[in-house]
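Each chain, written out:
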Amino acid sequence: MIIVREIDPADLALFDEWYDALRAGVVAGREAALVVGREALGFSLRTPGPLKRRIAVGAFEDDRVLGAMLFEYRLTDNLDIVEVEIDVPPQHRRRGIGTALWQWAVTRAAQLGRTIFQSEIGVPGESSPGSAFAERLGFAVEHVEDHLVVPLPYDELRLEELRWSAGTLDGYRLTSWAGVCPPEHQQAYADLHTAMDEDVPTGGMTRDVVPWTVEKLQTSEQRIDRNYLALVTMAHTLSGAPAGYTLLYLPRADAEHAQQDDTLVLREHRGHNLGTHLKLANLDQLAKHRTTQRFLHTWTALSNAPMQKVNARFGFRSVEQNRELELTCPRLRPAARALVVDPDDRILLVRFEFDDGPLWTTPGGGLEADETLIEGLRRELREEIGLETPEDPPHLWHQEVVAEGHATGYDGVLNDVFLIRTDPFTVGGTLTEAELQAENLHGHRWWTLAELQSAEDRFAPRSLPSLVEAVLRSGPPTTPLALGL
């Protein structure tokens, strides 16, 4: 049985196993996949910053990690968006592991009130297992970039030709540094970052551009500097006004790869070969600081013809496409519920009273934003029926219902249902009868399978009798069964 749960990145052995699964999924079938380093990702997860939350999620079977997901969301801007990366090693694919991880992501996003999912996939050919999986989930490709690579050390003859063809840099001066930005350049560098965010092609991706401040720049650079050496060259006019910059990252713990990141020339300063001069100066820095790195990676939008030409002159070749994907989901009310079964295979259901009549369903209720599924289930069952929840109950069903009238203020409901087998107990939670009735809950009943199958009552899910029969006959599914109404 597959169990999906967050991992504690401070558990180093578990983190290593999770990272190995993530890496194996990322690199499979790709010539030049670039994977965030073990040390860098571990540091990011163990020491969260003020701007973004990152959660490591694993799919487990018999305490082995078979699949990995990185779930991220910003804390101060773009508050409708979550970013997801799901990676399953080839030997564990086509078992529903990616789907189980995705179901976890849908529920957590619903808890956070976020409805826009974004992801990136490296595609070496026309398609890939990852892109096919994303298409089945409903993601649309909104932006495409070339992932480009050039070998290191750089071809010195090519660099000499580029220096000659670039000519003399007139009207500008260049300033280079390694590491964090010197204080005297911080405001200009922050302003250039804002201009870069506004200028860079993003296709149809939803993205609110938030201006960079010196404080934001300092916070970002301090975290990055722990695992990457930033190499920066900035261009100024002779009067001191910023005109552009280029940024390259040299990972401190990656012996193979370096990353060419931003290159920006402000519009009013284009046409002077300034981009080429910036890159050449920064490659001089790379030659000084490089150790064993053998490849320099960069990414350029297919629509960015000028930068494509610059990269071609510098010897970069395309190894794959980097596709940015987006999916907008309905706003659903998330809940955790339990199929409670006693030793005689009787099922405990609770009765809700609505204007259109009674409805029988499994006990449980809505999730808070800051609790896991099991934490929410444990709280709800204590409140409603007075039952303690085991540590890892089997996850039976993942139900998504998009329809009016199911939850006020939402587009529908999202129910994750778990199996709990229990000894006989007296039903009675911490909520009073009046408190339960205030939530439309008006009683409970133990049902036999025969009673469920012969009843004319309304159930949720509608196919509850047949679903219960399948569980009693065959046990819980390996991965949660996706349900509708």
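All figures in this text were calculated on a predicted structure; none of them were measured in a lab. Residue positions within a chain follow its written sequence, with the count starting from 1. The model is predicted, so local features are restricted to residues of pLDDT at least 70 and side-chain atom pairs to those at 80 or more, both for listing and for counting; the totals for chains, interfaces and linings are taken over all residues. No hydrogens and no water enter the side-chain calculation; it runs on all heavy atoms of the structure.

A. Broad picture of the pattern of salt bridges. Any carboxyl oxygen of Asp or Glu within 4 Å of a side-chain nitrogen of Lys or Arg constitutes a salt bridge here. By the definition in use, this model includes 29 salt bridges. Of the charged contacts in the structure, one is a salt bridge between Arg163 and Glu160, with a shortest N-O distance of 2.9 Å. In this pair, Arg163 and Glu160 are both assigned in helix α5 (residues 156-166), 3 residues apart and thus about one turn of the helix distant. Linking Glu256 and Arg294 is a salt bridge whose minimum nitrogen-to-oxygen distance equals 2.8 Å. Strands are runs of DSSP state E lasting at least 2 residues, helices are runs of H or I lasting at least 4, and numbering of each runs from the N terminus.

B. View of the packing of α5 against helix α8 (residues 274-289). Across the interface, α5 lies against α8 with an axial gap of 10 Å and an inter-helix angle of 145°. Seen from above, α5 lies across α8 with left-handed handedness. Judged by residue contacts, Leu159, Leu162, Arg163 and Ala166 of α5 engage Thr276, His277, Leu280, Leu283 and Asp284 from α8. Throughout, the ten residues Ala, Val, Leu, Ile, Met, Phe, Trp, Tyr, Cys and Pro are labelled nonpolar, Asp, Glu, Lys and Arg are labelled charged, and all others, Gly among them, are labelled polar. Across the contact of α5 with α8, the residue classes tally to 5 nonpolar, 2 polar and 2 charged. Note on definitions: angles span 0 to 180 degrees between N-to-C directions of axes, and those axes are lines fitted to C-alpha atoms, for helices only across the stretch in contact. Each crossing gets its handedness from the near helix: less than a right angle anticlockwise from the far helix is left-handed, clockwise is right-handed. We call two residues contacting when some pair of their heavy atoms lies within 4.5 Å.

C. Local environment of helix α4 (residues 129-137). Within the span of α4, buried status applies to Ser131, Phe133 and Ala134. Projected down its long axis, α4 carries its buried residues within an arc of 160°, all on one side. Opposite the buried face of α4, by more than 90 degrees, sit the exposed residues Pro129, Glu135 and Arg136. Taken together, the buried residues of α4 touch β4 (81-87), α3 (97-112), β5 (116-123) and β12 (317-328). The positive-phi residue at the C-terminal boundary of α4 is Gly138, with phi of around 110°. Remark: exposure states derive from per-residue accessible area (1.4 Å probe, protein chains only) relative to the maximum for the residue type, with buried under 20%, exposed over 50%, and partly exposed in between. Here, the arc refers to the directions that run from the helix axis to the C-beta atoms.

D. View of the UniProt feature "domain: N-acetyltransferase" (unreviewed entry) in the protein chain. UniProt positions are given in the numbering used here, feature names are shortened, and annotations may be inferred rather than shown by experiment. What UniProt calls "domain: N-acetyltransferase" (unreviewed entry) maps, in this numbering, to residues 2-160. Within residues 2-160, the helical portion is 35% and the strand portion 33%, while the C-alpha atoms at the span's ends are 57 Å from each other.

E. The nonpolar core, seen in detail. Take the buried Ala, Val, Leu, Ile, Met, Phe, Trp, Tyr and Cys residues and link them wherever side-chain atoms come within 4.5 Å; each set so joined is a nonpolar core. Membership of the largest hydrophobic core comes to 29 residues, with the highest contact counts inside it found for Phe71, Val84, Ile97, Trp102, Ala105, Phe117 and Phe139. Within the residue set of this core, elements represented by two or more residues are β2 (52-61), β3 (64-74), β4, α3, β5, α4 and β12. In terms of residue count, the dominant contributor to this core is α3 (8 residues). Excluding its chain neighbours within four sequence positions, the residues that come into contact with Trp102 are Val84, Ile86, Phe117, Phe133, Leu137, Phe139 and Leu327. Counting 20 residues, the second largest nonpolar core, distinct from the first, contains Ala40, Ala190, Leu192 and Leu217.

F. Here's a closer look at empty space enclosed by the protein. A 1.4 Å probe that fits into a set of points on a 1 Å grid over the protein atoms alone but cannot get out defines a cavity; an open set with protein on both sides within 12 Å along at least five of seven lines defines a pocket, and lining residues are those with an atom within 4 Å of a point. Grid points are joined across faces, edges and corners, and a volume is the space filled by probe spheres set on the points. Taken as a whole and assessed by the stated rule, the structure comprises 2 cavities of 30 Å³ or more. In this structure, the largest cavity spans a volume of roughly 90 Å³. If you trace the largest cavity, you find it lined by Leu34, Val35, Val36, Gly37, Glu39, Ala40, Asn227, Tyr228, Pro251, Ala253, Asp254 and Gln259. Looking at the lining of the largest cavity, its residues break down into 7 nonpolar, 3 polar and 2 charged. Two domains each donate at least three residues to the lining of the largest cavity, and these are domain 1 (3-114) and domain 2 (148-320). Of the volumes computed, that of the second largest cavity is approximately 30 Å³. Lining the second largest cavity are Tyr154, Gln260, Lys279, Leu283, Leu296, Phe314 and Phe316. Residues that form the lining of the second largest cavity fall into these classes: 5 nonpolar, 1 polar and 1 charged. Domain borders in the structure are assigned automatically or taken from a domain database.

G. Just the sheet that holds strand β9 (residues 242-251), in detail. Spatial strand order, β1-β2-β3-β4-β5-β12-β6-β11-β10-β9-β8-β7: 12 strands in an open sheet with mixed pairing. Two strands close off the open sheet at either side, each with one partner strand: β1 (3-6) and β7 (172-178). Direction aside, the axes of adjacent strands within the sheet are offset by 25° on average. Here the rule is simple: two strands pair whenever DSSP picks up at least two bridges between them.

H. Representation of the UniProt feature "domain: Nudix hydrolase" (unreviewed entry) in the protein chain in the model. Cross-referencing UniProt, the feature "domain: Nudix hydrolase" (unreviewed entry) maps to residues 331-469 in the present numbering. Taken as a whole, residues 331-469 contains 22% helix and 38% strand, while its terminal C-alpha atoms sit 31 Å from one another.

I. Just the domain arrangement of the protein chain, in detail. When the domains of the protein chain are assigned, the result is domain 1 (3-114), domain 2 (148-320) and domain 3 (332-476). A straight line from the C-alpha centre of domain 1 to that of domain 2 covers 29 Å. For the domain 1 and domain 2 pair, buried surface summed over both sides reaches about 1,500 Å², with 56% attributable to carbon and sulfur atoms. Scanning the region where domain 1 abuts domain 2 turns up 2 salt bridges. One salt bridge connects Arg317 with Glu31, and the closest N-O pair in it is separated by 2.4 Å. A per-class count over the side of domain 1 that touches domain 2 returns 9 nonpolar, 4 polar and 4 charged. When two parts are put together, the accessible area they lose, computed with a 1.4 Å probe and summed over both, is reported as buried area.

J. Inspection of the environment of Ala258 at higher detail. Position of Ala258 relative to the elements: it lies in strand β10 (residues 257-265). Judged by relative accessible area, Ala258 falls into the buried class, the value being 0%. With 40 residues separating them in the primary sequence, Ala258 and Thr298 have C-alpha atoms 9.0 Å apart.

K. Inspection of unusual backbone geometry at higher detail. The omega angle of the peptide bond from Leu152 to Pro153 is 0°, so this bond is cis rather than trans. Its location among the elements puts Pro153 in the loop between β6 (140-151) and α5. A cis amide bond links Ala460 with the next residue in sequence, Pro461, at an omega value of -5°. Secondary-structure assignment places Pro461 in the loop between β20 (459-460) and α13 (464-474). The phi dihedral of Asn273 is positive, around 60°, even though this residue is not glycine. Within the secondary structure layout, Asn273 lies in the loop between β10 and α8.

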